[in-house]
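Survey of secondary and tertiary structure
Residues per chain are reported as follows:
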Amino acid sequence: MGSAAPLLDVQGVTIQYKTSAQLVTATWRVGFQADRSDRLVLLGPSGCGKSTLLKAIGGYLTPTEGEITLSGRTISGPGPDRVMVFQETDQLLPWKTVLQNVAFALTASGRASGQNADEQAMIAIRTVKLEKFADSYPHTLSGGMKQRVAIARCLAMQPEIVLMDEPFAALDALTRQQMQEELLELWSRSQFTLIFVTHSIEEAILLGNRIVLLSPHPGQVKEIMDVNLDDPGNRFHGRFDELRDTIHRVLFKDVGDYVI
Amino acid sequence: MSFEKSAAITRDLSGISREATAFRSHGQPTDQAISEIVRPLSRAEKIWNQAIVRKSLILVLLAIAWQVYAQQLNNPLMFPTFTDTTAALWNAFTKGELGSRVLVSLRILLSGYGIGVLLATVLAALANATRPGNDLLEVLTAMFNPLPPIALLPLALLWFGLGNGSITFVLVHAVLWPVALSTHSGFASISGTIRMVGRNYGLTGLRYLLHILIPAAFPAILTGLKNGWAFAWRTLIAAELVFGVSSGSGGIGWFIYENKNQLEIAYVFAGLLTVIAIGVTMDSLFRLVERRTINRWGMKF
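The following paragraphs examine the structure supplied in this document. (Residues numbered from 1 in each chain as written. Chains lettered and ligands numbered in written order. Predicted model: local features only at pLDDT ≥ 70, side-chain atom pairs only at ≥ 80, totals over all residues. Heavy atoms only, no water.)

Overview of the overall build of chain B
Heads up, the condition is: Helix numbers and strand numbers start at the N terminus; a helix is a DSSP run of H or I with at least 4 residues, a strand a run of E with at least 2. Exposure classes here rest on a 1.4 Å probe applied to the protein chains alone. A residue is buried below 20% of its type maximum, exposed above 50%, and partly exposed in between. Each accessible area value is a Shrake-Rupley result obtained with a 1.4 Å probe; residue values ignore everything except the protein chains displayed when judging cover.
The secondary structure content of chain B amounts to 14 helices and zero strands. Order of helices (α) and strands (β) in chain B, N terminus to C terminus: α-α-α-α-α-α-α-α-α-α-α-α-α-α. Classification of the 301 residues of chain B by burial places 37% in the buried group. Counting only carbon and sulfur atoms, one obtains 66% of the accessible surface of chain B, whose full area is about 17,900 Å².

Written out as structure tokens, the structure reads:
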């Protein structure tokens, strides 16, 4: 698998966007690859363009230079083969129950229909242990539960690649830790390919097997690190502290003032 | 919100919370000192707590005041009594033609309302999709929203003649602008996340409009529909008062006007009460829709 062409190939991607007053370069000639079943983390301080990159992979933004390909095809717009999980807890459709939210994702994207969609949705909801809340509306759920539904919805669609944009950043510390563990557990079951954006070094080491370190203004790749802990998710692993120090050093080598 | 959050965390850490309960149950004194913890309210209190009971009482008091005043005035040409009015109302519905007049009014109202809402949706959808559409809607609503629909009636009579065409035209004008305006602002306030979620599913065009934009903007749209209804209803009655009859079948406004000409003032009052009753009914219908939708979805702002 390793010798074949990568599943996701980001080559020399520059992204610029216009605000009402100026043209901003968010990323500058960024390149990295992800293979099937990779857990690739985009890590960097605010302003390094990591969310912008993820949106470009999602097809919501078009690079001004460079190319992003998925299984060899150039990405030209959003589609159900790349499903996003956002940080904002308003990503569930408030007018649909938990079950309807997941089932609608399947029917709208043409993955399943009718009874079949409901059954698949229910299976996905069970994997995040929310079957008791299948008929609840999103506004009655806690932040962590909403994110679990969003993850269930995403996995139910069986995308080629899962895109997560700081999905746990708005949660309290305890819930966040639990969600990180649950995410790894889900990954070990179906080995989906994950691109995960975060600004937390710890989260990056915990979740990723490959970390792309980005520097800000404009976003550029500093280094790509293979983590490959034999026991992902173990915060007491011997190499954890060592990795954290290395990443810290790389990120802050020549920029002392950026707040991560 | 914070309660729900804490409930969820409690569930998540059920092991810990169980320990905590066990801990708490050790040395706490029981609540012997408090004589009553929960007491059901008395029947009278429960009844009084019903808003409908209190509001009905106000209606009864108003009716009594009306009756007393009208009897003292003793001038049925100026101010008929409550009982005369209810008798007239009964007669007009059972023997007279008030029922069919109401139907005439409602039918024309529904067609005007329907066309107006449809046009408003198209305009707002165009405005959401393109910048020229957005500019067009903003210019048009800025111009026509402040223009009272009834002011267009003389022009409408010139263009469409005496009859339903003119009233429908005025009604469309009454509905279109407020509904377009609030649908537009509803679309504009949809979060970027929800939009991206919809597009992630591959939804575009009409499916995107129906499955994402309209439900996401529904609180604002419902407000627009309510306002549009209120404008349309008032405009309709006013327009019917001005002429309102074509081929012998006028609406409820014409009923009021006709009876005034024949000095059947109790019937004029009966017509007005009918206008009020229909308005109140529609209002509670909208409130029902609101409860079933945006309240249930937690989208009420």
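From this point on, the discussion continues.
Section: the layout of surface pockets
Residues and elements named next belong to chain B. Our working definition: Detection works on a 1 Å grid of protein atoms alone, calling trapped sets that fit a 1.4 Å probe cavities and calling open sets with protein on both sides within 12 Å along at least five of seven lines pockets, with lining residues defined by an atom within 4 Å of a point. Grid points are joined across faces, edges and corners, and a volume is the space filled by probe spheres set on the points. Classification used: nonpolar for Ala, Val, Leu, Ile, Met, Phe, Trp, Tyr, Cys and Pro, charged for Asp, Glu, Lys and Arg, polar for all others including Gly.
If you add up the space inside the largest pocket, you get close to 580 Å³. Together, 17 residues line the largest pocket, and K55, L59, L62, I276 and V280 are the ones closest to its centre. At the level of secondary structure, the elements contributing two or more residues to the lining of the largest pocket comprise α4 (51-73), α5 (82-94) and α14 (265-295). Sorting elements by how many residues they give to the lining of the largest pocket places α4 first, with eight residues. Looking at the lining of the largest pocket, its residues break down into eleven nonpolar, three polar and three charged. Of the pockets and cavities examined, the second largest pocket occupies roughly 420 Å³. The residue makeup of the lining of the second largest pocket, split by class, is 13 nonpolar, six polar and two charged.

Quick look at the sheet that holds strand β5 (residues 73-74) of chain A
Across a sheet, strands are paired by hydrogen bonds formed along the backbone, either parallel or antiparallel in direction. All names here are of chain A. What counts here: For two strands to count as paired, DSSP must find a minimum of two bridges between them. Any two residues whose heavy atoms approach within 4.5 Å at even a single point are treated as in contact. In this description, a line fitted to the C-alpha atoms serves as the axis of each element, helices being fitted only across the stretch in contact, and the angle between N-to-C directions of two axes falls anywhere from 0 to 180 degrees.
If you trace the four strands from one edge of the open sheet to the other, you get β2-β1-β4-β5, paired in antiparallel fashion. What marks the edges here is a single partner per strand, and that holds for β2 (23-34) and β5. Pairing geometry for strand β1 (residues 8-18) and strand β4 (residues 65-70), over five bridges, is antiparallel. Bridging across to β4, V10 finds its partner in I68. The strands touched by helix α1 (residues 50-58) are β1, β2 and β4; relative to β1, the strand with the most contacts, the crossing angle is about 115 degrees.

Observations regarding the pattern of salt bridges
What counts here: By convention in these notes, a salt bridge is any Lys or Arg side-chain nitrogen within 4 Å of a carboxyl oxygen on Asp or Glu.
Considering all chains together, one arrives at 14 salt bridges over all chains under this definition. Its salt-bridge partner being B:K226, residue B:E290 comes within 3.1 Å of it at the nearest N-O pair. Placement of B:E290 in helix α14 and of B:K226 in helix α12 (residues 218-242) is noted, with a sequence separation of 64 residues between them. The shortest N-O distance in the salt bridge between B:D283 and B:R287 comes to 2.8 Å. In this pair, B:D283 and B:R287 both sit in helix α14, four residues apart, roughly one turn of the helix. With relative accessibility at 46%, the residue B:R287 sits in the partly exposed group. One network of salt bridges, with partners in common, ties together A:D35, A:D38, A:R210 and A:D226.

What to know about the environment of B:L106
All names here are of chain B. In this fold, L106 is placed in helix α6 (residues 98-129). Taking relative accessible area as the criterion, L106 reaches 27% and is therefore assigned partly exposed. Between the C-alpha atoms of L106 and I252, which are 146 residues apart in sequence, the distance is 9.1 Å. Filtering out sequence-adjacent residues up to four positions away, L106 remains in contact with W233 and I278.

What about the packing of aromatic side chains?
Which entries qualify depends on this criterion: The pairing test for Phe, Tyr and Trp rings, Trp by its six-membered ring, is centres within 6.5 Å, and the orientation test on the planes gives stacked under 30 degrees, edge-to-face over 60, and tilted for anything in between. The criterion is that NZ of a Lys, or CZ of an Arg, lies within 6 Å of the ring centre and within 35 degrees of the ring normal, and then a charge sits over that ring.
One pass over the structure, following the stated rule, counts 15 aromatic pairs over all chains. Considering the side-chain rings of B:W159 and B:F169, the 5.8 Å spacing of their centres and the 75 degrees angle between planes classify their relative orientation as edge-to-face. Here B:W159 is found in helix α8 (residues 153-160), whereas its partner B:F169 is found in helix α9 (residues 164-188), with ten residues between them in sequence. Relative accessible area serves as the criterion here: at 51%, B:W159 is assigned to the exposed category. The structure contains a cluster of three or more aromatic residues connected by ring pairs, namely B:W66, B:Y69, B:F79, B:F82 and B:F269. In this arrangement the basic side chain of A:R39 is found over the ring face of A:W187, its NZ or CZ atom lying 4.2 Å from the centre. A cation over an aromatic ring shows up here: A:K96 above the ring of A:F104, its NZ or CZ 4.4 Å from the ring centre.

Some thoughts on the interface of chain A and chain B
One frequent convention defines the size of an interface as the accessible area lost when the parts assemble. Which entries qualify depends on this criterion: What gets called buried area is simply the loss in accessible area from a 1.4 Å probe that two parts show on being joined, summed for both. Polar contact is the term for a pair of N or O atoms within 3.5 Å; when the atoms are in protein, one must be able to donate a hydrogen and the other to accept it, and sequence-neighboring residues count only if both atoms are side-chain atoms.
Of the residues lining the interface, 36 residues belong to chain A; the matching set on chain B comes to 28 residues. The contact between chain A and chain B buries some 2,700 Å² in all, and 62% of this surface belongs to carbon and sulfur atoms. On inspection of chain A and its partner chain B, the count reaches zero salt bridges. The tally of links between chain A and chain B comes to eight residue pairs in polar contact (both at pLDDT 80 or more). Those elements giving two or more residues to the side of chain A that touches chain B turn out to be β6 (82-85), α2 (98-108), α4 (143-156) and α5 (173-190) of chain A. In the side of chain A that touches chain B, the residues fall into 19 nonpolar, ten polar and seven charged.

A closer look at the nonpolar core
The condition is simple: For the purposes of this section, nonpolar cores are sets of buried Ala, Val, Leu, Ile, Met, Phe, Trp, Tyr and Cys residues that join through side-chain atoms within 4.5 Å. Residue ranges labeled as domains rest on an automatic or database domain assignment.
Core analysis: the biggest nonpolar cluster contains 144 residues, and A:L8, A:F32 and A:I195 have the highest contact counts within it. Considering each element in turn, this core owes the most residues, ten residues, to α6(B). Two domains each donate at least three residues to this core, and these are domain 1 (1-81 + 161-260) and domain 2 (91-158) of chain A. Look past the residues within four positions of A:I195 in its chain and what remains in contact with it is A:L8, A:A34, A:L40, A:L42, A:L54, A:I57, A:I161, A:V162, A:L163 and A:M164.

A look at the packing of α6(B) against α9(B)
All names here are of chain B. The condition that has to hold: Each crossing gets its hand from how the near helix is turned against the far one by less than a right angle, where anticlockwise is left-handed and clockwise is right-handed.
Viewed as axis vectors pointing N to C, α6 and α9 meet at an angle of 35 degrees, and their least axial separation amounts to 7 Å. Crossing hand, α6 versus α9: right-handed. Looking at the contact of α6 with α9, its residues break down into 20 nonpolar, eight polar and no charged.

Some points on the sheet that holds strand β3 (residues 39-43) of chain A
All names here are of chain A. Spatial ordering of the open sheet is given by β6-β7-β8-β3-β9-β10, a layout of six strands whose pairing is mixed. Each of the sheet's edge strands pairs with one partner strand only, and the pair in question is β6 and β10 (220-226). Each neighbouring strand pair of the sheet contributes to a mean axis angle of 20 degrees, computed without reference to strand direction. Contacts from α1 reach β3, β6, β7 (161-165), β8 (194-198) and β9 (210-215), with the element oriented near 150 degrees to β7.

A short note on unusual backbone geometry
The step from A:H217 to A:P218 runs through a cis peptide bond, and the omega angle for that step is -15 degrees. Looking at where A:P218 falls in the secondary structure, it is placed in the loop between β9 and β10. Positive phi, close to 55 degrees, is recorded for B:N74, a residue that is not glycine. By secondary structure assignment, the location of B:N74 is in the loop between α4 and α5.

Remarks on the pairing of β2(A)
Looking along a regular strand, one sees the side chains alternate between the two faces of the sheet. Residues and elements named next belong to chain A. Direction of pairing for β1 relative to β2: antiparallel, over a ladder of eight bridges. In the strand pairing of β2, Y17 is matched with V24. Two successive antiparallel strands, β1 and β2, enclose a turn made up of four residues.

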